[in-house]
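Structural overview
Residues per chain, in single letters:
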There are 2 protein chains.
Amino acid sequence: MEWSLVHDSYRPDEEGLREVLSALGNGYFVTRAASPDASDDGIHYPGTYLAGGYNRLKTWISGREVENEDLVNFPNWLPLTFKINDDRWFRIDEVEIRSYRQKLDLEAGLLTRRLSFSDQSGRVTETFEQRFVSMADQHVAGLSLEIRAVNWSGRLQVRSAIDGGVKNRGVKRYRGLNQHHLEILENREIREAILLCCRTNQSHIVVGIAARTRIYRNGEDVTPEARNTSSKTRVEEEFTLDLEMGESILVEKIITLYTSIDPAISEPMLEAENKIRRLGRFDELLAEHRLTWKHLWEDFDIELEADDPLANLKLRLHIFHLLQTISSHSIDLDVGFPARGWHGEAYRGHIFWDELFAFPFLNLHTPMLTRSLLLYRYRRLPEARCAAREAGYLGAMFPWQSGSNGREEAQRLHQNPRSGRWITDNTYRQRHINAAIAYNIWHYYQATEDHEFMYYYGAEMMLEIARLFASIARHNQEIDRYEISGIVGPDEFHTAYPKEAHSEGLNNNAYTNVLVSWVLIRAIEVLRMFPEERFRQVCERIGLKNGEIDRWDEISRKLRVPFHRDGIISQFEGYEDLTEFDWEGYLEKYGDIRRLDRILDVEGDTTNRYKASKQAD
Amino acid sequence: MEWSLVHDSYRPDEEGLREVLSALGNGYFVTRAASPDASDDGIHYPGTYLAGGYNRLKTWISGREVENEDLVNFPNWLPLTFKINDDRWFRIDEVEIRSYRQKLDLEAGLLTRRLSFSDQSGRVTETFEQRFVSMADQHVAGLSLEIRAVNWSGRLQVRSAIDGGVKNRGVKRYRGLNQHHLEILENREIREAILLCCRTNQSHIVVGIAARTRIYRNGEDVTPEARNTSSKTRVEEEFTLDLEMGESILVEKIITLYTSIDPAISEPMLEAENKIRRLGRFDELLAEHRLTWKHLWEDFDIELEADDPLANLKLRLHIFHLLQTISSHSIDLDVGFPARGWHGEAYRGHIFWDELFAFPFLNLHTPMLTRSLLLYRYRRLPEARCAAREAGYLGAMFPWQSGSNGREEAQRLHQNPRSGRWITDNTYRQRHINAAIAYNIWHYYQATEDHEFMYYYGAEMMLEIARLFASIARHNQEIDRYEISGIVGPDEFHTAYPKEAHSEGLNNNAYTNVLVSWVLIRAIEVLRMFPEERFRQVCERIGLKNGEIDRWDEISRKLRVPFHRDGIISQFEGYEDLTEFDWEGYLEKYGDIRRLDRILDVEGDTTNRYKASKQAD
């Protein structure tokens, strides 16, 4: 109970949510828990995502060219279904369900579904489905399907495919955008398997997937000759065999997946094909996968003594998804920590500041995961330097939303799905992302004493971030305080002053300013930590002058923190003068007011006017 | 003098050797020191190689299909030449040289060439060429050329190109093989620059190169409009301007190079184009490059007190090439340590055991370079496991020659360039490569106490290598010793017993057996080092049984080491019974007998018959 997420009935309206909650992954790729008989049809949404598998597309919309970098939905490797005699192919939504039980076993990383159903002809069939995305070998996944003819005998057709005809359609409000990311390169049968190879059409990431489908009866391989029923974007094969009443067969579908950005490969299709030939049966692969999860849980499990009987399950589900997002298999991939995992298309797989919440956990268990995620930032330091320079600042300015190459991926304009209107989006002005990065480096170092990391990578980032803030801060002579203007704090409901035309950003956000002070002090501490020789080298390398360091010290002691008249710290300068919001009225009118910004925009109003804070995600 | 390799005259016959000795690189790519006016013509051989830039090609030759994985010669970014009026394009080999001085400045990583020449029309021209491959930014290189009209006035045409029409023709005896590795994808002018993009035709590595050429007179940019003279495989532009007697102009060619296997990119062409727009002038880029080398030398220089006045120069030249082969820029590239650097095509850029000689130096200076090179092995552990299994052994068997994906790249048949005959090549049986890897892991650990590396990566490799040797070793009951048969030691002149038909490999090579004993003892030590919990996990993970560990202990104490009758350790069992070789006779007959194996093969004989040892490279 404390290890399993169980659903005892089929609920089409909940299927989307369950697909995410029960998604399986290994830090290299993630596949949503879509039914293997399903395609994107409004109820189901099969999705397979690569860690760091981005692609950019441009769309002309409302007279503007918009470019987005998305986390690409790669080919669906799940398709596996069957039909009896010449009836229709099984689809969960077209049969009468007698019993249903879907179970995500967190301990084993195994998703199962036991189903009993009767079809239009009154035939009763039982199926048992198991699947895993291997944590032992990141290139491997498996799906097995047992089919039992309860009250019928007949001819069974089994269909297994890899579907490259997928698009990014997971987020409704992105659907107006160009979402056609893939081109199919190859699509063919290979010895005892099928192979599909595709490429993203801008970033040119090549993905090769091979699938081997075998059928067993009483433990014996009875796989009939396959009939190729492929189409242009889908490689597919069908098997036909007879089934007697009471008999069952077991279908095992094993896949291998390689990409052009993998290390240790010659070419992704070749590797997918080589490996599929070397792999044993479903149960052998599952055993290795299970063992890896067993060891992971030995290292990562936390058991709570809690009154809530679901507390442990909830906690484990979070840990489970964390470890599926970032694992030992992510280390070589040059990826950051995405806001919503690699589990879907919301937030486009971008890297915000969410690592801030995950690192404390990783630091104490497997700090090399943190290091690899911090290196994702380091590799984008040149791009961040360029961004700072172009904005007229020193140092490095990391983007609020980061993707493939570290440019700012946040949109400057945002379409309100409620009104269709394009709204200026100032959220990219959340410069506190830089403070978060410095904070994360420092805490990684505190947990590990990894001098080597600090010496070669960490210090340089911290110093450049300190420089950035020091060059943004302006001295206000009147009050002898340093001020930081034109930025946005973690509360995205406030991005400008409502009464000023063309206002962008706010002044003296307390969270940002306090953290900037902290960053400046830490940067000086890092420099003092270094041996003299290295201190000089790092200063020469980034062109850091003694005067700058003195200025950091000065600013760190005099950053302006605004207060309300009653002595409470103000969120930002001027917050106190905003209008009180009519909470009851809006709650009554709209019910769900979590996206108050969009509601007010439709009304021609803006959250900027009110004392209303959005949760910092 | 102790920092510079200088050549004061032009020698066509030495040009090939100088191109290698003065090659410039940064651990990411390396470019031979070919003259920028030259193409592959028997004297010159322009070559640019990527760290880990491999491609496989098949050739039908003498009725056999041979597949080789090569280090690919990528497009030549150097081409830069000029002509006066409508004369011929300048080529070093077609003019009368008045003075010549080529200097490789190791301190700055800068190659210069100062030249004064007169052409067929009696015009005297002076040129000064400088080039670097940036150690500060691995994607950047620069070439500058100053041209001075000493005794003439006239129209000068300058031609700058990126040449994608290159092939792998660096090694004469490979020329019979298919060496056409590249396909050109794009080839066009971009704003103020040119761009060429190509892809290897099997491994599908995409390389994008952008080149910006600007011309200055008295410090002022006087770049005329470019005329596009591109062809199918070469993007090229020409500039025309007038030069007065005594005047000089400065041509600066800056390039950016990105590949599809780079981290932190969206797409290589896009990155090459973005970056070329952001770069400053030659001298600014050179200054950053110089500073990086200054810091490298502060860390890595060794100064000898030696009688040989060239001792320090020689030592520094070695360090220089080591740091150009493996640098901080290699860390993200998943590359090993190649036998001959990334400086040319000999040994096809394969990874043998040469890291054994480089690691002690790296361990004491920048051990993270060693770790990254050991991780190259770890990522290929699954392939090594597969190789062991297919050979009937336990554990992991790393290849003698390793390339992209870790399969054995050594040829089983070798063509003798002296005779054209195909000889069975048993050198792949050098299982001591595995002992070298274990040795390297242990010594890295000794130098660093990097528990994390040992815990997650190192131990697993050492244990699997111990297993391999324990499963190769056979107990000889008669003498109660363990024997290892059918292998080749570091002396490649002995790969089989001459009197036995179909003999492959030798028995009880002393070097191998002693080292195997060492490996087994270290493997046990590593296991004992682990906390109990981790000991159990690692045993479960690789399926290691207690009985195996006991067997390692037993074998380690009883490996057979053969002795000659006079008490000297024999190279291998039976060496003593080989024939004495006629050293004087052969030296007299052939002069150079370093490749004795090929000489004897032509005579229908074999080194296997004689007491003659090849140096262990």
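Along each chain, residues carry numbers from 1 onward, in the same order as the chain's sequence is written. A letter from A marks each chain and a number from 1 marks each ligand, given out in the order of writing. Only residues with pLDDT of at least 70 get local features here, since the model is predicted, and only at 80 or more are side-chain atom pairs given and counted; chain-wide, interface and lining totals rely on the full set of residues. Neither water nor hydrogens contribute to the side-chain values; these are computed over all heavy atoms in the structure.

This paragraph deals with the pairing of strand β14 (residues 193-200) of chain B. All names here are of chain B. Classification of residues uses two cut-offs on accessible area relative to the type maximum, computed with a 1.4 Å probe and protein chains only: under 20% is buried, over 50% is exposed, and between them is partly exposed. For helices the rule is a DSSP run of H or I covering at least 4 residues; for strands it is a run of E covering at least 2, with both sets numbered from the N terminus onward. Where burial is concerned, most of β14 is hidden: eight out of the eight residues are buried. Where burial is concerned, the two faces of β14 agree: the one with Ala193, Leu195, Cys197 and Arg199 and the one with Ile194, Leu196, Cys198 and Thr200 are both buried. Pairing between strands is defined by DSSP: at least two bridges between the two strands are required. As consecutive antiparallel partners, strand β13 (residues 182-190) and β14 are separated by two residues, and within that stretch glutamate 192 has a phi angle of approximately 60°, a positive value. Across six bridges, β14 lies against strand β15 (residues 206-217) in antiparallel orientation. Counted as the bridge partner of leucine 196 is isoleucine 209 from β15. Between β14 and β15, which pair antiparallel in sequence order, lie five residues; one of them, histidine 204, sits at a positive phi of approximately 60°.

With that settled, consider the sheet that holds strand β7 (residues 80-84) of chain A. Residue and element names in this part refer to chain A. What the four strands build is an open sheet, ordered β7-β12-β18-β17; its pairing is antiparallel. Sheet topology places β7 and β17 (227-228) at the edges, where each strand pairs with a single neighbour. Two strands pair when backbone bridges link them, and β7 and strand β12 (residues 154-163) are joined in this way by five bridges, in the antiparallel orientation. Within β12, the position partnered with isoleucine 84 by the bridge is leucine 156.

Residue and element names in this part refer to chain A. For the domain bounds, the source is a domain assignment made automatically or taken from a database. When the domains of chain A are assigned, the result is domain 1 (4-300) and domain 2 (351-580). In this structure, domain 1 and domain 2 have C-alpha centres spaced 42 Å apart. Contacts are assigned to residue pairs that have any heavy atoms within 4.5 Å of one another. Taken residue by residue, the interface counts twelve residues in domain 1 and 16 residues in domain 2. Summed over both sides, the interface of domain 1 with domain 2 buries roughly 1300 Å², with 49% coming from carbon and sulfur. Here, a salt bridge means any side-chain nitrogen of Lys or Arg that lies within 4 Å of a carboxyl oxygen of Asp or Glu. Counting every contact that joins domain 1 to domain 2 gives two salt bridges. With its nearest N and O atoms 2.9 Å apart, the salt bridge here joins arginine 407 to glutamate 67. Any pair of nitrogen or oxygen atoms within 3.5 Å is treated as a polar contact; in protein, a donor-acceptor pairing is required on top of that, and neighbouring residues in sequence qualify only through side-chain atoms on both sides. Where domain 1 touches domain 2, the interface holds six residue pairs in polar contact (both at pLDDT 80 or more). Mapped onto the side of domain 1 that touches domain 2, the elements with two or more residues apiece are β5 (54-61), β6 (64-71) and α3 (282-300). Note on residue classes: Ala, Val, Leu, Ile, Met, Phe, Trp, Tyr, Cys and Pro are nonpolar, Asp, Glu, Lys and Arg are charged, and everything else, Gly too, is polar. Here the side of domain 1 that touches domain 2 is built from residues that sort into four nonpolar, two polar and six charged. Two parts placed together each lose some accessible area under a 1.4 Å probe, and adding up what both lose gives the buried area.

Let us look at the relation of the copies chain B and chain A. Think of it as a corkscrew move, a rotation about one axis and a shift along it, taking one chain copy to the other. The least-squares superposition of copies is restricted to C-alpha atoms, and to residues with a pLDDT of at least 70 in both copies. Here chain B sits on chain A after a turn of 180° about the axis and a move of 0.0 Å along it, with an RMSD of 0.1 Å. As the rotation angle and translation indicate, the two copies are arranged about a two-fold axis. Nearest to the rotation axis, the C-alpha of isoleucine 261 of chain B is located 2.8 Å from it, this being the minimum over chain B. By residue overlap, the copies meet face to face through one surface: 100% of the interface positions of chain B are interface positions in chain A.

Below, the discussion takes up the packing of aromatic side chains. The description of an aromatic ring pair rests on the distance of the ring centres and on the angle between the ring planes. Stacked, tilted and edge-to-face pairs are distinguished by plane angle, under 30 degrees for stacked and over 60 for edge-to-face with tilted covering the rest, among Phe, Tyr and Trp rings (Trp via its six-membered ring) whose centres lie within 6.5 Å. All told, the structure shown has 56 aromatic pairs over all chains when counted by the stated rule. Both rings, one in tyrosine 439 of chain B and one in tryptophan 518 of chain B, keep their centres 5.4 Å apart while their planes meet at 50°; by these two values the pair is tilted. Here tyrosine 439 of chain B is found in helix α8 (residues 432-448), whereas its partner tryptophan 518 of chain B is found in helix α10 (residues 510-529), with 79 residues between them in sequence. Between the aromatic rings of tryptophan 442 of chain B and tyrosine 445 of chain B, the centroid separation amounts to 6.0 Å while the plane-to-plane angle is 45°, which identifies the pairing as tilted. Residue tryptophan 442 of chain B and its partner tyrosine 445 of chain B are located together in helix α8, separated by three residues, close to a single helical turn. Across this residue pair, the class does not change: tryptophan 442 of chain B and tyrosine 445 of chain B are buried. One aromatic cluster is present, built from ring pairs that chain together Tyr347, Phe352, Trp353, Phe357, Trp400 and Tyr511 of chain A.

With that settled, consider the side chain of aspartate 262 of chain B. Residue and element names in this part refer to chain B. Assignment of secondary structure puts aspartate 262 in the loop between β19 (248-259) and α2 (268-278). Here aspartate 262 sits buried without a salt bridge, and the closest side chain of opposite charge, lysine 275, lies 9.2 Å off (N-O distance). In terms of polar contacts, aspartate 262 uses its side chain to reach the side chain of tyrosine 28, at 2.8 Å. A polar contact is formed between the side chain of aspartate 262 and the backbone nitrogen of threonine 259, at a distance of 2.7 Å. When residues no more than four places from it in sequence are discounted, the contact partners of aspartate 262 are Tyr28 and His139. The sign given to each residue is positive for Lys and Arg and negative for Asp and Glu; His and the chain ends receive no count.

Burial in helix α11 (residues 532-542) of chain A covers these residues: Arg534, Gln537, Val538, Cys539 and Ile542 of chain A. Here the buried face of α11 of chain A lies against α7 (381-390), α9 (451-472) and α10 (510-529) of chain A together with α3 (282-300) of chain B. Note on α11 of chain A: the residue one or two positions beyond its end, glycine 543 of chain A, has a positive phi of about 70°.

Residues and elements named next belong to chain B. A sheet is described by the order of its strands in space; here four strands give the open sequence β7-β12-β18-β17, paired in antiparallel fashion. Each having just a single partner strand, β7 (80-84) and β17 (227-228) make up the two edges of the open sheet. Bridge analysis of strand β12 (residues 154-163) against strand β18 (residues 234-243) gives ten bridges, and the strand direction is antiparallel. Pairing of glycine 154 across the sheet is with leucine 243, part of β18.

This part covers the nonpolar core. As a rule of thumb, nonpolar side chains are buried together in soluble globular proteins. Membership of the largest hydrophobic core comes to 287 residues, with the highest contact counts inside it found for Leu156 and Trp552 of chain A together with Leu156 and Trp552 of chain B. Sequence-distant contacts of tryptophan 552 of chain A, that is, excluding residues within four places in its chain, are made with Leu463, Ala466, Arg467, Ala470, Leu520, Ala523, Ile524, Leu527 and Leu544 of chain A. Residues grouped as a nonpolar core are buried Ala, Val, Leu, Ile, Met, Phe, Trp, Tyr and Cys residues, joined through side-chain atoms within 4.5 Å.

Contact with chain B, which involves 43 residues of that partner, is made by 43 residues of chain A. Summing the contributions of chain B and of chain A, the shared interface buries around 3600 Å²; its carbon and sulfur component is 41%. Put simply, chain B and chain A have ten salt bridges between them. For arginine 379 of chain A, the salt bridge is made with aspartate 332 of chain B, and the minimal N-O distance between the two is 2.7 Å. Those elements that provide at least two residues to the side of chain B that touches chain A are α2, α3, α6 (367-379), α7 (381-390), α9 (451-472) and α11 (532-542) of chain B.

Residues and elements named next belong to chain A. Even without glycine at this site, alanine 264 takes up a positive phi of about 60°. With phi around 55°, aspartate 334 is a residue other than glycine that occupies positive phi space. One can find aspartate 334 in the loop between α4 (311-325) and β20 (339-342).

What follows covers the side chain of threonine 325 of chain A. Residues and elements named next belong to chain A. Take threonine 325: it is sitting in helix α4. Threonine 325 sits in the buried class, given a relative accessible area of 4%. Of note is the side chain of threonine 325, whose polar atom sits 2.7 Å from the backbone oxygen of histidine 321. Those residues in contact with threonine 325 that lie beyond four places of it in its chain are Gly27, Ser330, Phe337, Pro338, Gly341, Trp342 and His343.

On to the state of the cysteines. Residue and element names in this part refer to chain A. Put simply, a disulfide is two cysteine sulfurs that come within 2.5 Å. Applying the stated criterion across every chain yields a total of zero disulfides over all chains. No disulfide involves cysteine 197; its sulfur sits 6.4 Å from the nearest other cysteine sulfur, which is in cysteine 198. Residue classification places cysteine 198 among the buried positions, given a relative accessible area of 0%.

Bringing the pattern of salt bridges into the picture now. Counted under the stated rule, the structure contains 138 salt bridges over all chains. Across the pair aspartate 41 of chain B and arginine 91 of chain B runs a salt bridge, and its minimum N-O distance is 2.8 Å. Remark: arginine 91 of chain B occurs in the loop between β7 and β8 (96-105) and aspartate 41 of chain B occurs in the loop between β3 (29-31) and β4 (48-50); sequence separation between them is 50 residues. On the basis of relative accessibility, which here comes to 33%, the residue aspartate 41 of chain B falls in the partly exposed class. According to the relative accessible area criterion, arginine 91 of chain B is partly exposed, its value standing at 25%. Ionic pairing is found between aspartate 450 of chain B and arginine 371 of chain B, a salt bridge with its closest N-O pair at 2.9 Å. One end of the pair, aspartate 450 of chain B, is in the loop between α8 and α9; the other, arginine 371 of chain B, is in helix α6, with 79 residues separating them in the sequence. On the accessibility criterion, aspartate 450 of chain B (11% relative accessible area) is buried. Several salt bridges share partner residues, and in doing so they unite Arg385, Glu460, Glu464, Arg467, Arg541 and Glu548 of chain A into one network.

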